[in-house]
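Spelled out from the first residue to the last, the chains are:
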Amino acid sequence: MGNRGQKRPESVEELPADKRACSSLEFRPSSSSNSPGQTHTNSPNLAPESQDGGHDGGEMDTSSSASGSVRSEEAEKDSAYGSCDSDDLADGELRFNRDILRDFQRRRSSGDQAKFKKILVTLTEADEVDVSGVLAALTELCEVLSFCTESSLSSLTVDSLAPVLVKHAKHESNPDIMLLAIRAITYLCDVFPRSSGLLSRHGVVPALCERLMAIEYLDVAEQCLQALEKISRDQPLACLQSGAIMAVLNYIDFFSTTVQRVALSTVVNICKKLPSECTAPFMLAVPSLCNLLQYEDRQLVENVAICLIKIVERVRTYPEMLNELCKHGLIQQATHLIDLNSRTTLSQPIYTGLIGSLVKLASGSVVAVRTLFELNISSILKDILSTYDLSHGIPSVNMVDGHCNQVCEVLKLLNALLPTSARDQDVQMVLDKESFLANQPDLLQKFGNDILPILMQVVSSGANLYVCYGCLSIINKLVYFSKSDNLLELLNNTNISSFLAGVFTRKEHHVLIIALQIVETLLQKLSDTFSNSFIKEGVFFAVDALLTPEKCSQLKFPVLSGTHFSIDSNQRHAAKEVFRCLCYAFDNDQFSSASEMENCKLEKDSVHNLAKHIRTKYLTTELLNSEKGLTDILQKLRTFSAALTDLVDMSLHDDTSAQHEEKYYCMLHQIITILNGKEPISTFEFIESGIVKSLVNYLSNGLYMREKVGSQGVSSHYDNVEKRFEVFGGLLLSLSEPLSEDLPLSVLIQKLQHALSSVENFPVILSHASKQRNSFATVPNGRCVSHPCLKVRFTKEEVETSLYDYSEDVLTVDPFSSLDAIEGFLWRKVSIKRTEPTNSVFQASHDMKGPIFQGPLDAGSQGKSPDLMESESMSSEFPEEDKDSSQSTPESASNLREMTPGEATSSGETQTVSAEQEQHVSSEAGVKMKTQCPESCSGEDASVKLLFYLEGQQLNRELTMYQAIIQQQIEAEHEIIPSGKLWGQVHTLTYRAAVEPKQTHPQECLQNSPVSAKVGTHLQQAPFFSNIFVPELVAELDKSGPTYDILFLLKSLEGMNKFKFHLMSRERTKAFAEGRIDNLDNLKVAVPVIPENEFVNSKLTEKLEQQMRDPLAVSIGGMPLWCNQLMALYPFLFGFEARCKYFRLAAFGPLQAQPHSSFHNTSGAPSDRRHNAGSLPRKKFLVCRDRILDSAAQMMNLHACQKVVLEVEYNEEVGTGLGPTLEFYTLVCHEFQKTGLGMWREDYTSSTSCKSLQAGSGMVVSPSGLFPRPWSSTLSTSNGIEFSDVTKQFVLLGQVVAKALQDGRVLDLPFSKAFYKLAILGQELSVYDIQSFDPELGRVLLEFQALIDRKRYLETVCGEKSTFDVDMCFRNTKIEDLYLDFTLPGYPEYVLTSGSDHKMVTMTNLEEYVSLLVDTTINAGISRQVEAFRSGFNQVFPIKHLQIFTEEELEKLLCGERDSWACNGLLDHIKFDHGYTASSPPIINLLEIVQEFDHEQRRAFLQFVTGAPRLPPGGLASLNPKLTIVRKHCSKWADADLPSVMTCANYLKLPPYSSKERMKEKLLYAITEGQGSFHLS
């Protein structure tokens, strides 16, 4: 082998051009590209450095369609910017250019054909001696093929060229002739795809394979691979039969990574179309393919995985071949790749496909089962299920390579590893598996220990029906095949009884029969162990309820009332659209036809019969007795519950309630002791005891669920309610046992969460709709929508005489429009004109334009709100008097389509609502609860004009049309209409005139309003109680059920936890006042930490996640009403990520909801910093670095009201895109924090060093976060600062914050928790909140308040003129001696009183001083600034959408992660490429340096690489694009060069420095001095 046989270096530039193993793409345009004249290279070193905008293009795509992809992406990106688009040519000019192009192509094709004839003659007539002539002809042929088009060739020409080229490809004596001939073959396949068949007919594939097997010359071999890759696309069978697989794999290690990818692409093309009868050729390649799975290159490994997946699919019916695959190490390699700790990260389809291959192997090979057990596959699968992502939890009609999603494949694999239950099948494979497990009980035990707990967790967390059935099937097998002793040990650490009790609440006979089978097996094997447990957890009661429905009404715990169920109420979707029958869902051992899968394997009365068998054999009459069957703990709890209820009722009917407080305390203490005691309490016992309702009744002082209470009644009960919360909170927040680890509050929360998961039955309604399509909705506003429309016929009620009939036409109705909006459309069509002004044309026009903005929505959602200025909005385009105007759909639709997304209406035009915004606002009627006075109490005419009926049932006006139809089916307990029928059938909606409501005076409204309204009005100074009392909860709930009580108590406990500092401080202050504490230092409280995630209900979170992924979840109006109501009232029940998705769906719609789908992104979907292409239009904005705030103001004035993604370009700099934009927001944040703006409280108590730092940086230093500086209403100027400028800055700040949230940008604004609470969440602050942003002032005010309370207490006890001067001292100093006057501390110009004289503070007026000081600090002095911030925010989107978050979550959402990253996770979330791997010395040095950085250095490093000093929510794992580090090729000495970055791609180019010290020096220099500009690197 000559020098040609040496291994080629990675860089192709180091070889002569004619010796490169190049693709045809280097010399000619792709035949599939529409961009003629482009040239491309496949060198990996030309990756992202050459791409504008930072797109990562380091991986080569071997298909022809790859050519031009970079430029097309850039063109697509640039075309999205309205300011950068060029003007389109006129249609005539375009046609003229096309004619010129066609004429040129005709002339060129004619010339090319003449050249081909000439070249063919030369090659045919040349003898073997004329080497130079052949070389010249082949060179010319390659040049012509490089630039010709398909029209230049014909089948006849190719058929003539083929034998000549094949002949010269075998010219062993001259490698140059071989190289050029094979290159010509490659180009020919690229230009004329049909030439592959003609070439194959002349033996080109054997010739190329022969050259590869000989491999004398490396460049010839590489060109052979290129040619084979082209041919294999159209001729895979010919390649297979000629031994191409082994030919390309034989010497694959000799080639570079790029060429190896080409070789594997050939094998992939062949394996995708393997014949059913031919097996030997591809089976020979299995050892080589299994070896290649160990390589590091991801693209290479994925191609190998595809080949093996296809091979397994082909041989799945041949056990001998499956065994052979196992012997070659396929299972070992596949198991390593699916391990979450694997270094190779595969794409989701490949990952799922590998698991599917293991399913097929385990289903057909005992060797595979044995190998998987020995490899501890259960541990790997446990880890996969532990990271159970909801997006993988729903079976989808869309399959990937014939496999379902990841979780479904994992469950199939677990099912395949265990034999089928003996009661179902008896085949040899089953017997072999049984024999293996019987001989290896330890393996089965280990398998069960790993898998059983996680399967129970998945089912209990609200998994859908398919996943639930799969998990139960595995548990059933595990219990069935485990021996009694092993089974007892396996179930020792799990509460299988409680788990089964929860399963029995599912209304699906497949699930019930498996649950009954598990119960029967456990009673057969371990009857003594589980009999008592089944009583305690309510399993026996559930089994008995299947047979005796009348007993259900006597139980609080939800059990079934019969066995005839058609669908699972927790998963209300048409299951037949996804699977024929669950019996076949995990049927891995046989192939059932579609007709067979229509028939269920279960007998009609199988559930009833098995339940009857269990009751007859294992249940005695005593156990089922309502009294004797109860446990001691249940009877004890029932006793306390009844006593507590009686005591509350007694205190309501007499005036001696204070005398009962001691009894309350003792009784509560005993209840908490029992709940927190050593004796376990089951969920069944907890619910059945009624203790929850009793506690709720106690906390509300009997007001809970009471519909009408006079305002005086609320006032009289308030003191008792406040005391009870303090008492109950004090008991729950203190350790009842000295050695106890958990607070009683945590224990009670856990029990309530388990109870809620058991009793809730909120339906998940999945449409499983086909691909979404655009349609035109005539009602209510005539516009295009991106989802199907409902067909509705409006008919007048027969007895209705005051309205016109409007039933002649079937109209298309936007399914997510509210009934108010539909009324607005229909009223002007059916109303009979009268003389009242409300029926005028003006009123009809008003109803037409914005009916959905009347009613309970706040001012932030009104029609004039700037956040509704949308491009798709409709002006008054419909004639108001034309009855048939709604039918002019084509013209209206065309008008809509011509409008540009993101275009804003001018300020002088009438603005109406966009389709997207209208959906969201209309659906919010369901979110807003009836906690206000009726609309008639307001000054507006918001009376209901029409009532609507569907199938005789009046529709709830809070619902959208879609929700109303679905809700009616839920209440009627019908099956949900399948998607096709829902959208295809005509729904008849009956209307009639509403009875005019009686005018109600405001005083009457107050007296008749719900409890919550009065409590909120009366307790304005106690924000904790303002939203506790909820008179009406979720519509789907049975008010007599326990779910109401559990939700109320959870809300109360969540409020206690949130305000625990307030409650504990108030109790400590009371103790000081009463003399139980003498030292003011003892006022400090140690607040126990109860994480907010303890209030998250995983089952409800998963249900919401499933609902939001439904294709119809284009707005919150497309989801069941319970989603909106629970989110509005109980947001703490849902996880943070789920609420983030809901927030984006509610605030921005589906276009922007998707990019923020997950912070821990494992599926390769875009994360939260970059939006999907085409989701929203983009706008570039030119800014000046020396006038950042002015540029920000100009930007927001132009684009705050538009839904466009803003990207920044700096004046006189070349950088643009994500990096500069993030840096711009960071610079704006820093500008807002500068001193001299008059916006923030400055930390006057800081040390000298802090003051010097502040003076040096010009930044406000506030360790506790930024909070607005108080401004007196009498002052317009202070220290040269105009207050009008301050309010303008706050308006701008609100716009910037909202726009950053909308666009997914990270801000560097350290707001205080109190500011989030006040300005964004809209909650009132109290004196206890001051300590969160000004600790010293807050502490002093609380101590002053303690002195005031002591003075008041002593005066009450001992009379007013008593001498208690010693007790009235503040830290041994009289108040008068403090020399305080009535000015604001730190702001001497702010006078607290209206008088001109600054009177001094004394003990007499201390209460007035504290009251004024608190009011100034958190209310009067900052209210205008806060309102300015909120007004600016609302110009972008309504700030109310953020009220579902806590203060800490808002900081995370807005400012990203506080900690830069976890050092141990760096390797998992960084990509190394182009010369670097994870083990490269420079990479090791860099990671060590980064870990050594201090906080400020890490911030600087992050800003240098990404453009922002903070990571997005989710940390480094959610950074998108992924942080990539590549080797920077330096022209001279590496140590003299600096690292450079592409911030748009988070792309660091790092030179290979000689030492760690030199790298740190250069890196610090770059991140310090390289800030502040973007230039080419």
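Here we summarise the structure given alongside this text. These figures come from a predicted structure and were not determined experimentally.

Cut-offs used in this document
- Residues numbered from 1 in each chain as written.
- Predicted model: local features only at pLDDT ≥ 70, side-chain atom pairs only at ≥ 80, totals over all residues.
- Heavy atoms only, no water.
- Helix = DSSP H or I, 4+ residues; strand = E, 2+ residues; numbered from the N terminus.
- Contact = heavy atoms within 4.5 Å.
- Areas by Shrake-Rupley, 256 points an atom, 1.4 Å probe, with all protein chains shown as cover.
- Pairing = 2+ DSSP bridges.
- Axes fitted to C-alpha atoms, helices over the stretch in contact; angles between N-to-C directions.
- Phe/Tyr/Trp six-rings, centres within 6.5 Å; stacked < 30°, edge-to-face > 60°.
- Buried < 20%, exposed > 50% of the residue type's maximum accessible area, 1.4 Å probe, protein only.

**A look at the overall build of the protein**
Inference 1: Across its full length, the protein carries 63 helices and 18 strands.
Inference 2: Contacts in the protein between residues at least 24 apart in sequence constitute 75% of all its contacts with a sequence separation of at least 6.
Inference 3: Summing over all exposed atoms, the protein offers an accessible surface of approximately 65,900 Å²; the carbon and sulfur share of this is 50%.

**Digging into the sheet that holds strand 15 (residues 1470-1473)**
Inference 1: The 4 strands are arranged 15-16-18-17 in an open sheet whose pairing can be described as mixed. Two strands bound the open sheet, and with one partner strand each, they are strand 15 and strand 17 (1540-1542). Each adjacent strand pair in this sheet contributes to an overall mean axis angle of 20°, direction not counted.
Inference 2: Relative to strand 16 (residues 1523-1527), strand 15 is paired through 4 bridges, and the arrangement is parallel. Following the sheet pairing, D1473 is matched in strand 16 by V1526.
Inference 3: Helix 62 (residues 1495-1506) rests against strand 16, strand 17 and strand 18 (1547-1550) of the sheet, and its axis sits at about 60° to strand 17.

**Comments concerning the sheet that holds strand 5 (residues 946-950)**
Strands in a sheet are paired, the pairing made by backbone hydrogen bonds, and the direction either parallel or antiparallel.
Inference 1: The strand order across the open sheet formed by 5 strands is 4-3-7-5-6, and the pairing between neighbours is mixed. Here the strands that pair on one side only, and so sit at the sheet edges, are strand 4 (811-813) and strand 6 (953-954).
Inference 2: In this structure, strand 5 lies alongside strand 6, joined through 2 bridges in antiparallel fashion. Looking across to strand 6, one finds that Y949 is bridged to Q954.

**Here's the deal with the packing of aromatic side chains**
Inference 1: Under the counting rule described, the total for this entry stands at 34 aromatic pairs.
Inference 2: With a centroid separation of 5.8 Å and an interplanar angle of 75°, the aromatic rings of F816 and Y962 are classed as edge-to-face. Of this pair, F816 sits in the loop between strand 4 and helix 37 (819-830) while Y962 sits in helix 41 (residues 961-972), and the two are 146 residues apart along the sequence.
Inference 3: Accessibility expressed as a relative area gives 0% for F816, which makes it buried.
Inference 4: Given a relative accessible area of 4%, Y962 falls into the buried group.

**Some remarks on the side chain of T371**
Inference 1: Summarising the element assignment, T371 is placed in helix 18 (residues 366-374).
Inference 2: Judged by relative accessible area, which is 12%, T371 ranks as buried.
Inference 3: When residues no more than four places from it in sequence are discounted, the contact partners of T371 are I331 and Q332.

**Points about the environment of G1055**
Inference 1: Among the structural elements, G1055 can be located in helix 45 (residues 1042-1058).
Inference 2: On the basis of relative accessibility, which here comes to 6%, the residue G1055 falls in the buried class.
Inference 3: Each C-alpha atom, one on G1055 and one on F725, is 9.9 Å from the other, the two residues being 330 residues apart in sequence.

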